[in-house]
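Fold and contact review
Residue strings, one per chain:
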Amino acid sequence: MRAVPIWVDKVHDRDKVDQCIWDLCFKPDGNQLIVAAGNRVLVYDTNDGTLIQSLKGHKDTVYCVCYAKDGKRFASGSADKGVIIWTSKLEGILKYTHNDAIQCLAYNPVTHQLASCAVSDFGLWSPEQKNVSKHKVNSRITCCSWTNDGQYLALGLYNGLVSIRNKGGEEKVKIERPNATTSPVWSLQWNPSRTSENNVMLKIKKEESYDVLAVADWGQRLSFYQLSGKQIGKDRNLGYDPNYVNWFSKGEYVVVGGSNKQCCLHTKEGVKLGVIGDQTSWTWSAAVKPDSNYVAVGCQDGTIAYYQLIFSTVHGLYKDRYAYRDNMTDVIIQHLITDQKVHGIRQDMLISEGFQVLHECVFLEKTLEEKEKSIKSKTPQEIRTMLRAGLSPEFKGQSQMSVRIKCRDLVKKIAIYRHRLAVQLPDKIVIYELYSDDAADMHYKVKEKINKKFECNLLVVCSQNIILCQDKRLQCYSFQGIKEKEWVMESLIRYIKVIGGPSGREGLLVGLKNGQIMKIFVDNAFPIMLLKQSTSVRCLDVSASRSKLAVVDEHNTCLVYDINTKDLLFQEPNANSVAWNTHYEDMLCFSGNGLLNIKASNFPVHQQKLQGFVVGFSGSKIFCLHIYSMSSVDVPQSASMYQYLEKKLFRDAYKVACLGVTDGDWEVLAHEALEGLDFDTAKKAFIRIKDLRYLELIHSIEERKKRGENDNMVFLGDIYSYQAKFGEAAKLYKKSGTEQKAMNMYTDLRMFDQAKEYIGSGDPLDKKMLITKQADWAKSSNEPKAAAEMYISAGEFCKAIDIIGEHGWADMMIDLARKLDKADREALSRAAMHLTKMEQYSFAAEVYSKMGDIKALINLHVEAKHWEDAFTLAEKHTEYKEEVYVPYAQWLAENDKFDDAQEAFHKAGLQGEAVKVLEQLTHNAVIESRFNDAGYYFWKLSMQCLDIARAEDSEKREEMLAKFQDFQRKADMYYAYHSIQRYTDEPFTSHLPEALFNISRYLLHMIQGGIPHGISKVGTLYALAKQSKNLGAHKLARYAYEKLQTLRIPSRFQEAVDVGSVMIRSKAFADSEELLPMCYRCSTTNPLLNNGGNCCVNCRQPFVHSFVSFEVLPLVEFVIDSSLTDEEAVQILDLSIPKQKKEDRGWKEGRIGHAQTLRLGQADEDDEPEEEDPFSAKLMTFDQEDTEFRPVVVTRSVLQTLSRSEVYILKRPKPLRYQFFRSLLPDVTITQCPKCNKLFHTDDFELQYLQKGHCPFCRSTLDD
């Protein structure tokens, strides 16, 4: 540490009497110094010591001054008992007084509250309050200081105690000190930065950091305390009465002075580091400039001295370990480079301006979290052991990057070598060693202590010795402090460096002022002179192989010698430091004039800007010392690599590139080596940049060379073609006689004009290949039309057709298709396919017709939805019928034409698909309560089953016929239930009550055979009950209501059913006779409900209903005698003579005896008697006790008597028989649907047909 005086001033009064400088303080920005001298306040400019202004306001001696931290105001206190507040513009704005002289002042750093202390009390003032709150004390106050957070105020008392008070003035802590009565506290100050035990004693957590109070008393002691009053460390004996104690702004140092007439610098633990300035009288005050290394000192004789402190750098280096001094008393050892091996030993010492230079520095820090984690894992015994060794335990750990050694004394010199570390203190040298030989180990322990005071310029440590350098003398000591050897040089030693060697036999390289360069071995008393030059040595370095020596002399010239021959190889000007590259023998760097110079071999120097001077060169890293800090600079070795490339020295260029160049430089090296046919170097370079393309090329060339190819022209041509030097490549190919390679290259590049120059003599295959590639290029170049034409000319019709098809050129496509031969089926098929995609179906059909491909033609019509054309072809070629009707049916189904789809499946012969469609339609209709549709689809299903039954064998036929009957029954029931469902669910109905009554009865009779899904028995009974009640069928209504009571009734019907059940009890227990059905076969009147089903209770003749109103039709079913077929019976009926209707005779008058008579339709006596009807005679041919229905059997003779107009024939498809019915009331007109064979009253049918346009049951029209 050096103190440089910046300016000095001496203060006198008007009578030239010296004025004591009682107090000093800096403005927070450091531009002004406020001085308390006599009864004035002086303001100085700190830059040059100019007195800015002398402030007058006090009537007596000014004892203290203090500036607020915000820089807006400062205060002065005087023996006149007054305190004056001044603004930063040097104007007094406020004054208040105490009862005694003001002793000290202190501004709160946070709230800017001013504490003013008098002899017997202290006051607290702030700009926000009008009054000053004052507090009495029992002893004289000599000094005061606020904590960093402004929460507490420490008061130093004349009785030797320290009182710590809060912001309100209440005492919180009293520090009682030993021998307090004889040791008045004369100065105290809180450390401006909170300090953790890491810097003073052992602590673990960062949160446990605290404020430190420095106390100086006239017992000649310097002490440190915590806020709690606990003392830190031991008292430091000063040997003089201290008048002041001040911290540096970051709390790293303490300034103390007083009766010793000096201002001294101490560490934060109180260790004295040196003297800032010597004076001729007591130093009464001192102040440290904020955030800087400037100190102002005030003396009793009026002297004001302003100093700048310069802290020199003390450090040492070995490989990746860099040791340097911190806080003047600590040594920090850090790893320089991680994951990088540094070769060689570089522990260089330069005697220049009183400080030490060491090489190769890179700074690494360890995070606080890692420190905490490391220390938590240590046992108390380990911590105590480490503290004895001076090692801070938070740095101890296998993975740490730095370690701190606390020496607790001024560190003067540092030396590091391998596993040794030497630290020189004022009165001893401490030798440390690593715990293990592990290169990554950072655990140091004390090995030896040499308790002697040494004076030296340089300290060097070896494995078993330390070397001290003083002027011309080198002394070698053992670790026990025994001097083993001494070398005396002819001139002053300017430079020394350890160049390694076996343990105890290390070598030193020494440069002298007279130009001699010596080599000394530790175990040899005789130095060896390597060479002598005429100029003084300033810096030295030796190459990695120890064959070359670089020297920087006093004229800043870098000279390089061959150690073996002593010849000067070259020299370069403007050098102040030099270093060889530890990784490459032929490269060094030197610095000077703000430039970094890199020289490789004998090539010119490459320069770039660099501040400081070089101390190490490792690979691509250059270590530079600038002022007092070490830094590392990454320098790409591009320039040196290019110098080797210019000389075609590819292997040397590769070695330089390995030191560190950019990816672009690697690429240049790879290509240059490849063109130079140095495939080994090129391969390594391409591997570096991961260029697989060129690596494949090199591998290919190497394989060809193994097979015996040795034509370097062809190899170089391949390289040029890869590098896009096509002209040069083609010339080399032609020169080597491989024109085919040139042509292939140009055609691949789509450079067809150049390729034509290398086509062989009229080879048609080459021409075709060239045209084809040209077409390929035109296609990829977005010129499809030209590409298509080229493909046509080259005979590549398929490729041409694909291009034409992609762009939709229909005219061009059909023209090409018409020109193609019909034998070229692949091309024609592609043309037709593309025409189909373009929806040019007529042209596509033309192409398929040309090919004679009927199947493809049918598929075309199907794809185009040209069904009529497809049907026409299918009729001509029945083998493709399925390929037409199946897609047609699918198309109909997709367009919701399910009925047509079912028929199409049926036509295609896919009965299973047809039935599946109908079953799904039926299921959906039932689920959606579309019962009319459900009845229709069930009828369709029954007819489908009938069709299947006609085509299947007998076993399957029976099954299908059973299904037919079941589906017919369900169709009838769903058809009928449609009306019931509408009646129960909708508010209005178009059906008459009689129709609903008949439908309900019909359904109840049908339900006896099972209830299909979706049909509600409740709804049927509900409709029957309602209509029976309305029509007078009270007995039936009572029955319906009773049945309903046994069923689960929906809530919407419950009330109506309950009311109806009650009301029907008031009605007669009988049905109206008008409603009772009559059997037209046996003329028996039947009840409204028959447990035996929908038939006569007497003859079992089934009732035939009109399928609109469901009234019973006057029809009697008869069967044909087994001797007749259905067709013969129809033929007989068709040939029968219709009966003449007898004339209606009307009313006739007559006389019988004396009486007159009136007759209606009475035959005359001369009329022939009517013949008996044979059919009517057969109506009564049944047994009343028979439980089975016996139909009327009609023979040929009976058939001949029947009139065709009275007979209704239900012509059901095979294998079913026809059904024959005779109307017994010919005047009642009945209509039969020829499609579904349902029978209707003609009036009902005609009305429904007019309303719906088709049969109400099967939905067929007259056109059908």
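Residues numbered from 1 in each chain as written. Predicted model: local features only at pLDDT ≥ 70, side-chain atom pairs only at ≥ 80, totals over all residues. Heavy atoms only, no water.

Attention now moves to the overall build of the protein chain. In terms of helices and strands, the protein chain carries 32 helices and 64 strands. Residue burial in the protein chain is summarised as follows: out of 1264 residues, 52% are buried. Within the protein chain, residue pairs in contact and separated by at least 24 positions form 48% of the contacts whose partners lie at least 6 positions apart. Only carbon and sulfur atoms are counted for the fraction: they give 48% of the accessible area of the protein chain, which is about 59600 Å². (Helix = DSSP H or I, 4+ residues; strand = E, 2+ residues; numbered from the N terminus. Buried < 20%, exposed > 50% of the residue type's maximum accessible area, 1.4 Å probe, protein only. Contact = heavy atoms within 4.5 Å. Areas by Shrake-Rupley, 256 points an atom, 1.4 Å probe, with all protein chains shown as cover.)

Okay, the sheet that holds strand S20 (residues 221–226) next. Strands pair in a sheet through their backbones, by hydrogen bonds, and they do so in one of two ways: parallel or antiparallel. Here we have 4 strands laid out as an open sheet, ordered S18-S19-S20-S21, and antiparallel in their pairing. Sheet topology places strand S18 (185–190) and strand S21 (236–237) at the edges, where each strand pairs with a single neighbour. Here 5 bridges tie S18 to strand S19 (residues 212–217), and the two strands are oriented antiparallel to one another. When the bridges of S19 are listed, Val185 appears paired with Asp217. (Pairing = 2+ DSSP bridges.)

We now examine the side chain of Gln103. Along the polypeptide, Gln103 turns up in strand S10 (residues 102–107). Relative accessible area serves as the criterion here: at 15%, Gln103 is assigned to the buried category. A distance of 3.4 Å separates a polar atom in the side chain of Gln103 from the backbone oxygen of Ala101. If near-sequence neighbours (up to four positions away) are discounted, Gln103 is found in contact with Tyr63, Cys64, Cys117, Ala118, Val119, Arg140, Ile141 and Thr142. (Polar contact = N/O pair within 3.5 Å; in protein donor to acceptor, adjacent residues only side chain to side chain.)

This paragraph deals with the sheet that holds strand S6 (residues 62–67). Pairing is antiparallel across the open sheet formed by 4 strands, whose spatial order is S6-S7-S8-S9. With one partner strand each, in any of the chains shown, S6 and strand S9 (92–97) form the two edges of the open sheet. Taking each pair of neighbouring strands and ignoring which way they run, the sheet shows an average axis angle of 20 degrees. (Axes fitted to C-alpha atoms, helices over the stretch in contact; angles between N-to-C directions.)

Attention now goes to the pattern of salt bridges. A complete count under the given rule lists 41 salt bridges for this structure. Here Glu170 makes a salt bridge to Lys172, at a shortest N to O gap of 3.8 Å. Here Glu170 falls in the partly exposed class, since its relative accessible area comes to 49%. Here Arg651 and Asp680 are joined by a salt bridge, their closest N and O atoms 3.6 Å apart. (Salt bridge = Lys/Arg side-chain N within 4 Å of Asp/Glu carboxyl O.)

With that settled, the discussion passes to the side chain of His58. Assignment of secondary structure puts His58 in the loop between strand S5 (51–56) and S6. At a separation of 2.7 Å, a polar atom in the side chain of His58 contacts the side chain of Ser76. At 3.3 Å, the side chain of His58 and the side chain of Asp80 are in polar contact. When neighbours within four sequence positions are excluded, His58 is seen to be in contact with Asn39, Val41, Ser76, Gly77, Ser78, Asp80, Gly82 and Ile84.

What follows deals with the state of the cysteines. Scanning the entire structure with this criterion turns up 0 disulfides. Considering cysteine sulfurs only, Cys104 is the nearest to Cys144, which forms no disulfide, with 3.5 Å between them. With no disulfide of its own, Cys264 lies closest to Cys263 among cysteine sulfurs, the gap being 6.8 Å. (Disulfide = S-S within 2.5 Å.)

A turn of α-helix holds 3.6 residues, and therefore any two residues three or four places apart point the same way. Among the residues making up helix H3 (residues 638–646), those that are buried are Ser638, Ser640, Met641, Gln643, Tyr644 and Leu645. Residues of H3 that are buried sit in contact with strand S51 (587–592), strand S52 (595–600), helix H4 (650–659) and helix H5 (663–675). Looking one or two residues past H3, Lys648 carries a phi angle of roughly 65 degrees, positive in sign.

Now for the pairing of strand S62 (residues 1219–1223). In terms of burial, S62 is a largely internal element, 5 of the 5 residues being buried. With 4 bridges joining them, strand S57 (residues 1115–1120) and S62 adopt antiparallel strand pairing. The partner of Val1116 across the bridge, within S62, is Arg1222. Sheet topology note: the strand S61 (residues 1207–1210)/S62 ladder contains 4 bridges and is antiparallel. The partner of Tyr1208 across the bridge, within S62, is Phe1221.

Time to look at empty space enclosed by the protein. Tallying each qualifying case throughout the model produces 5 cavities of 30 Å³ or more. By volume, the second largest cavity amounts to about 50 Å³. As for the second largest cavity, its lining consists of Met1078, Cys1079, Tyr1080, Gln1101, Pro1102, Phe1103, Val1104, Val1112, Leu1113 and Leu1115. The residue inventory of the lining of the second largest cavity, partitioned by class, reads 9 nonpolar, 1 polar and no charged. (1 Å grid on protein atoms, 1.4 Å probe; cavity = no way out; pocket = protein on both sides within 12 Å on 5 of 7 lines; lining within 4 Å. Points joined across faces, edges and corners; volume = space filled by probe spheres on them. Nonpolar A, V, L, I, M, F, W, Y, C, P; charged D, E, K, R; others polar.)

A word on the confidence of the model for the protein chain. Overall, the predicted model of the protein chain reaches an average pLDDT of 82, with 80% of residues at or above 70. pLDDT under 50 marks residues 339–376. Its contacts with residues more than four places away, or in other chains, come to 137 contacts. (pLDDT = per-residue confidence, 0-100.)

Across the 6 residues of strand S40 (residues 473–478), 5 count as buried, placing the element largely inside the fold. Between strand S39 (residues 465–470) and the antiparallel strand that follows it, S40, lie 2 residues; Asp471 among them carries a positive phi value of about 60 degrees. In the sheet, S40 pairs with strand S41 (residues 483–488) via 5 bridges, with the strands oriented antiparallel. From the neighbouring strand, Tyr477 faces S41, where its bridge partner is Lys483. Remark: 4 residues form the turn of the hairpin made by S40 and S41, two consecutive strands paired antiparallel; Gly481 in that turn has positive phi of roughly 90 degrees.

Turning our attention to the packing of H3 against H5. Contact geometry for H3 and H5: axes closest at 11 Å, N-to-C directions at 10 degrees. With respect to each other, H3 and H5 are oriented roughly parallel. Facing Ser638, Met641, Tyr642 and Leu645 of H3, the residues of H5 in contact are Asp665, Val668, Leu669 and Glu672. A breakdown of the residues in the contact of H3 with H5 according to their chemical character gives 5 nonpolar, 1 polar and 2 charged. (Parallel < 35°, antiparallel > 145°, perpendicular 65-115°, else oblique.)

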